[in-house]
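# Coordinate inspection notes
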Amino acid sequence: MVQEAVRMDENTAGRTRIDMVVATIRQRIAARSLTPGAKLPSVRGLAAALKLSTSTVVDAYERLVAEGAILARPGSGFYVANQAAPFALAEAGPKLDRAVDPFWISRQSLEADETDLKPGCGWLPPVWLPAEGMRRGLRTLARADGAALADYGSPLGLPPLRQLISRRMGERGIEASPDQIMLADSGTQAIDLLCRFLLEPGDTVLVDDPCYFNFHALLRAHRAKIVGVPYTPSGPDIERFAQVVAEERPRLYITNSAIHNPTGATLSPVTAHRLLKLAEQFDLTIIEDDIFADFEYSPAPRLAAFDGLERVIHIGSFSKTLSASARCGFVAARPEWIDGLTDLKIATSFGGGRLTAELVLNVLSDGGYRKHMETLRHRLSRAMGEVSARLKGLGIKPWLEPQAGMFLWCRLPDGIDAADVARAALEKRIVLAPGNAFSLSQSATNFMRFNVSQTLEARVFDVLRDALKIAR
């Protein structure tokens, strides 16, 4: 495993062979592929396998010994130190340029001040969200009884909100009783709980390529083996999907079926049908992330609706349409899984976030929410047309024209690396999202995701024009 990883990294520019051996072993230790006490390959064995000199391997091992990562036992060999360094997510995956590292994009977007522009972020500007509806909800909540304000919530979650979610899912053809729904702090926490519940370290998980970059981070945190399947305008490349499922026998597949992130594509009924047939044939569980559901004009096909929550687990949240500060999501699954997930939720976070659930219930029950979403959909549609036209004027072409949502997945002019554009834009206080942050295979070098709600200011296009010239 160490030998294979070093071979993959041999051509990295600016690094010596010693650096590459050291970096690879550090990464394997950080990701727990090499566990405390594990014996490393012998100097001669590793040197022969990698076609390196023994002195190169000796120097690399000595450097790791000096920093305490490994131990030398005379007459026995080299071993991973028993006191392993804390798990480092940034070290667990392939070493990426910081301009395409998803953690870098998230941090820059979250820490940006009011003067920074964030076309690469994944949320709406605060002024696009229903602030007045939130204020009304908070005023109502301020008059609630003491239990709502101070007590633990039930692990399954606030019953009236689960009933409301059940009705809303029914509007999209998904039948789920309130007892099949568990509230979570967010869509991200929902996936984290599901990974804890369903995965063992080393299990294989399929993702779309490209996909939401935090899927990669979460799965690496759970020590999963991640395999990507190319994504098309109608869903995953089904022929490639069938091949990968047969070869890899994955435990899970995580995807968006409606308004795919980052591409904006929509799953077709034909692809959905074939996908579910393969899931049944190979005993595959599917996590369907549906956090953009309310952005649709009309419901797209849902895997959970076709499947009846047998093999499909459906998740959602309200962070994108209500508030990222009031974190609330949900999981819908078959009853026996909800029971196990509830126990896991008690173990990891004890009670539910009742205060936030009460607030979300108040806002969703207010007639103003539907009006807000109607206005928001129209506003996003206008922004989509305007931003698409202005990007085309710069030679940046959308991969497709999305039916709804906030994202445009775009190809830059030939020969331009999106990471170079992102570096140049950052110097002007603009945060972009280069394509390889979303691509497991690193095959989206000249792609970039734009959030149209955050890409309307003229300064964005001025900086992009200059950045493209620099990157040519």
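Where an unreviewed UniProt entry is consulted, the protein appears under the name GntR family transcriptional regulator, with the organism given as Rhizobium chutanense. Per UniProt, the protein has the following entry under Sequence similarities (unreviewed entry): "In the C-terminal section; belongs to the class-I pyridoxal-phosphate-dependent aminotransferase family."

## A look at helix α11 (residues 213–221)
Among the nine residues in α11, seven count as buried, and that is most of the element. Taken as a whole, α11 has its buried residues at Phe-213, Asn-214, Phe-215, His-216, Ala-217, Leu-218 and Leu-219. Where α11 ends, the next residue or the one after it, Arg-223, has phi of about 60°, a positive value.

## Notes on the packing of helix α17 (residues 368–393) against helix α19 (residues 458–471)
It is the contact of α17 with α19, at a shortest axis distance of 11 Å, that shows an interaxial angle of 25°. It follows from the interaxial angle that α17 and α19 lie roughly parallel. When you trace α17 past α19, the crossing you get is right-handed. Counted together, Val-387, Arg-390 and Leu-391 of α17 and Ala-458, Phe-461 and Leu-464 of α19 form the full contact between these two elements. Split by residue class, the contact of α17 with α19 holds five nonpolar, no polar and one charged.

## As for helix α15 (residues 335–349)
With 15 residues, α15 extends 20 Å from end C-alpha to end C-alpha; this agrees with the ideal 21 Å at 1.5 Å per step. Lining the buried residues of α15 we find β3 (181–184), α10 (187–198), β8 (285–289), β9 (312–317) and β10 (329–332). Immediately beyond the C-terminal end of α15, within one or two residues, lies Phe-350, with a positive phi of roughly 65°.

## Description of unusual backbone geometry
Note the cis peptide between Asp-209 and Pro-210, where omega equals 10°. Mapped onto the fold, Pro-210 is located in the loop between β4 (204–209) and α11. The peptide bond linking Asn-261 to Pro-262 adopts the cis configuration, its omega dihedral lying at 20°. Inspection of the secondary structure puts Pro-262 in the loop between β7 (252–255) and α13 (269–281). If you check the backbone angles, Ile-259 has positive phi at about 55° while not being a glycine. Mapped onto the secondary structure, Ile-259 falls in the loop between β7 and α13. The class for Ile-259 is buried, based on a relative accessible area of 4%. Here the phi dihedral of Arg-429 falls at roughly 65°; this positive angle occurs in a residue that is not glycine. Considering the arrangement of structural elements, one finds Arg-429 in the loop between α18 (418–426) and β13 (433–434).

Rules behind the numbers
Residues numbered from 1 in each chain as written. Predicted model: local features only at pLDDT ≥ 70, side-chain atom pairs only at ≥ 80, totals over all residues. Heavy atoms only, no water. UniProt positions renumbered as here; feature names shortened; annotations may be inferred. Buried < 20%, exposed > 50% of the residue type's maximum accessible area, 1.4 Å probe, protein only. Helix = DSSP H or I, 4+ residues; strand = E, 2+ residues; numbered from the N terminus. Axes fitted to C-alpha atoms, helices over the stretch in contact; angles between N-to-C directions. Parallel < 35°, antiparallel > 145°, perpendicular 65-115°, else oblique. Left-handed = near helix turned anticlockwise from the far one by under 90°. Contact = heavy atoms within 4.5 Å. Nonpolar A, V, L, I, M, F, W, Y, C, P; charged D, E, K, R; others polar. Expected span 1.5 Å × (residues − 1).

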